[in-house]
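Examining the three-dimensional arrangement
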Amino acid sequence: MTVVTMERPGLAVNQYEPQTSTITYRSSGELLITGPEHRARLAAAELAGALKCTVLITEAMPATVNVDMERAAGLEINAPIHHHSLQSLGGYMGHFDAMVSLPGGLIDNSLAKLSQLKAFDLVLDLGSSALIGNQRSPAGYFHCPDQNSLATALEELPDLVGEFSKPVYLRLNNDICAHSNSTLIGCTRCLEVCPADAISSVSGRIEVDHHLCHGVGGCASACPTGAIEHLETPPHQLLQRLREPLQQQSAAVIIRTDDNTDIAANIAEPVIQLVLEEINCAGLETWFSALAWGAPRVVIFAPDDLDETARSALQTQLGFAHAILHGLGLETTRISLLESTNADTLSQWLTSDLTPVSNASYLPDHKRREALFQAIDQLFTAGEQQAQAFGLPAGMPMGGLDINQEQCTLCMSCAGVCPTQALQSGGDSPKLLFTQHNCVQCGLCVSACPEKVLDLRSEYQLDPSVRKSQQTLNEDAPLCCGDCGKPFATQSLLRKMQEKLSGHSMFQNSNLLELCGDCRVKALMKQDSELLQ
């Protein structure tokens, strides 16, 4: 059994090499405690002397008096207690603040400023429901609805004074992002899969708050253009580490996190374990590359505590994988997701009679998308599938484009917003060119088209020469100026304008539409001059 690991450091006291890209948190021990008053008073008493506490009551106490309420009532708390209504709570270690309703409708409703602080460093939320509802909580935030979680927090909180650091997990390149262009919204995949609410769209640009990011990796796996790159698990490094043992032996690949240390320990069959900090860091390109390099099967183990957003992202990617496998004529069970760590269940998957489809040795491309194309093309070449293309579910970041040529005026609005240059103009020739290999199905072209003549078509073209070549979606004869002869538009655009302006008095019995801009101005000036004579 071969074990391949990809590890990363977590939040730690700030001791790191200067060249490492890190995020730094600074805490002086200012703690905001929220929740029902009796639990907040008890926690403040427990932390007295270790942290500087401020209490905000956000929930009423139970109607029935209990032991904790009696204990809390007799405590002298050396901490301010506020009863303002909470409007919002947000931030991260060293930069938390609560917005509250203040008497008189004051605009500056920061509880930190009211407490003469720049911000709260830490938050202990004792309410029944989390005030920060992200599935991955920000550093310094503890939600403790029960006594067990509270006991853990009370032990950890006093140590969170000082300076701490964690790696910067992501790199963002907005130049190749397919999210937005010209105020139009296209791809939103990264926004949909982040469990920490660390990714946002600000004025049409994707932004990552590295203080909130947990490095889950689902955003990088879902990004169709490579605009988001996971720095701790670069895809080419992960693929290279997976390729090396597969070149030595053909074996099933198990992808798991370091939490599932007992998986496959008693499995007799040869297996290769790819161990990750986060299960979502390995996506389609990893799974299909394993199959192309000789693995008969890939089994992904979802951790038992995987949050819903990350689990949903994983299942979406799995659905895409099954669609591709089906299109290739391969069993969809070659890539499987198991959510149980039972060894017997794993044995059933590994003891099937699946044999490798391919035993390639090619080196993976550095880009996720290209590595995926490499693997799919290799599996197609090694398999028995004869079809040259197959349909895919809507939402997959690959496919074609349908066009109504009769209604298209070749205005090139679509090419102007395409983030991947899948759509391009023909230069001096009125022509719209399309390269399917580059299309990520973001939909910006569809939204930008003023004539609404474009439709996305989810499919995979198996012939690389066809997929990578420029196809002509539409072309037209140029419209040359009736005076100077310079080409300035297309014949289809002229027909469209004539149709729209057929009732306009200026263009009745006139050839103005057949003139370029300069010649049209001259013609209008001549008309005005003749009218004045």
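No experiment lies behind these values; they were computed from the predicted model shown.

**A closer look at the pairing of strand β9 (residues 122-125)**
Burial along β9 is two-sided: the face carrying Leu122 and Leu124 and the face carrying Val123 and Asp125 are both buried. Pairing analysis gives four bridges linking strand β4 (residues 30-36) to β9, with the strands arranged parallel. Paired with Leu31 across the strands is Leu122, a residue of β9. Here β9 pairs with strand β10 (residues 141-143) via three bridges, running parallel. Within the sheet, the bridge partner assigned to Asp125 lies in β10 and is His143.

**Observations concerning the sheet that holds strand β5 (residues 52-59)**
Taken together, the five strands give an open sheet; going across it, the order is β6-β5-β4-β9-β10, and neighbouring strands pair in parallel fashion. Where the open sheet ends on each side, the last strands, each with one partner, are β6 (81-82) and β10. Across seven bridges, the pairing between β4 and β5 is parallel. Paired with Leu31 across the bridge in β5 is Cys53. Strands in contact with helix α1 (residues 37-47) are β4, β5, β6 and β9; relative to β4, the strand with the most contacts, it is inclined by about 150 degrees.

**Some words on helix α8 (residues 284-292)**
Of all nine residues making up α8, nine are buried, and the element is well covered by its neighbours. Leu284, Glu285, Thr286, Trp287, Phe288, Ser289, Ala290, Leu291 and Ala292 are the residues of α8 that are buried. Positive backbone phi, approximately 120 degrees, marks Gly294, located one or two places after α8.

**What about the pairing of strand β18 (residues 252-257)?**
With six of six residues buried, β18 lies mostly within the body of the structure. On β18, burial covers both faces: Ala252, Ile254 and Arg256 on one face and Val253, Ile255 and Thr257 on the other are all buried. In terms of strand pairing, β18 meets strand β19 (residues 271-276) through six bridges, oriented parallel. The residue bridging Thr257 from the neighbouring strand is Leu276, located in β19. Examined bridge by bridge, β18 and strand β20 (residues 298-301) share three bridges and lie parallel to one another. By the bridge assignment for β20, Ile254 is matched with Val299.

About the cut-offs
Residues numbered from 1 in each chain as written. Predicted model: local features only at pLDDT ≥ 70, side-chain atom pairs only at ≥ 80, totals over all residues. Heavy atoms only, no water. Buried < 20%, exposed > 50% of the residue type's maximum accessible area, 1.4 Å probe, protein only. Helix = DSSP H or I, 4+ residues; strand = E, 2+ residues; numbered from the N terminus. Pairing = 2+ DSSP bridges. Contact = heavy atoms within 4.5 Å. Axes fitted to C-alpha atoms, helices over the stretch in contact; angles between N-to-C directions.

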